[in-house]
Amino acid sequence: MIKKITLGICLTLVISFAFAQNDKIYFHNGKQVEGSVIKVSEYCIEYKYQGEDAVQVASKYAINKIVDRKSTRLN
């Protein structure tokens, strides 16, 4: 019984930690944005700020790099 409860708590923490991580977008002008990258197209990147629902659009030429939760993407 205690093992099942402990396992349930551990799984809940791991899942919530995995979804809590955000992408970091670094612009050439020094600005840093933390949020979620939604879409990367030929000329634009769509992203959402952490805790907001509005989609923001930025030119790929204005972005230096994107560090996501799994790897680093460079333009």
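Residues numbered from 1 in each chain as written. Predicted model: local features only at pLDDT ≥ 70, side-chain atom pairs only at ≥ 80, totals over all residues. Heavy atoms only, no water.

### So, the overall build of the protein
Argument step 1. On a plain count of helices and strands, the protein comes out with 1 helix and 6 strands.
Argument step 2. When its helices and strands are written in sequence order, the protein yields α-β-β-β-β-β-β.
Argument step 3. Looking at the protein as a whole, 17% of its 75 residues qualify as buried.
Argument step 4. When contacts within the protein are restricted to residue pairs at least 6 apart in sequence, long-range pairs at least 24 apart make up 29% of them.
Argument step 5. A total accessible area of about 5,900 Å² is found for the protein, and carbon and sulfur atoms account for 58% of it. (Helix = DSSP H or I, 4+ residues; strand = E, 2+ residues; numbered from the N terminus. Buried < 20%, exposed > 50% of the residue type's maximum accessible area, 1.4 Å probe, protein only. Contact = heavy atoms within 4.5 Å. Areas by Shrake-Rupley, 256 points an atom, 1.4 Å probe, with all protein chains shown as cover.)

### A word on the pairing of strand β4 (residues 55-59)
Argument step 1. Note that strand β3 (residues 44-49) and β4 share 5 bridges and pair antiparallel. Note on β4: the bridge partner recorded for Tyr47 is Gln56.
Argument step 2. Between β3 and β4, which pair antiparallel and follow one another directly, the connecting turn spans 5 residues, one of which, Gly51, has a positive phi of 85°. (Pairing = 2+ DSSP bridges.)

### Section: the packing of aromatic side chains
For any two aromatic rings, the description comes down to two numbers: the centre-to-centre distance and the angle of the planes.
Argument step 1. On inspection of all chains with the given rule, the structure shows 1 aromatic pair.
Argument step 2. Each ring, one from Tyr47 and one from Tyr49, has its centre 5.6 Å from the other, and the planes form 85°; the classification is edge-to-face.
Argument step 3. Of the residues examined, Tyr49 reaches a relative accessible area of 26% and is grouped as partly exposed.
Argument step 4. The aromatic ring of Phe27 is capped on one face by Lys31, whose charged end is 5.4 Å from the ring centroid.
Argument step 5. In this structure, Lys65 packs its charged tip against the face of Tyr26, placed 5.2 Å from the ring centre. (Phe/Tyr/Trp six-rings, centres within 6.5 Å; stacked < 30°, edge-to-face > 60°. Lys NZ or Arg CZ within 6 Å of the ring centre and 35° of its normal.)

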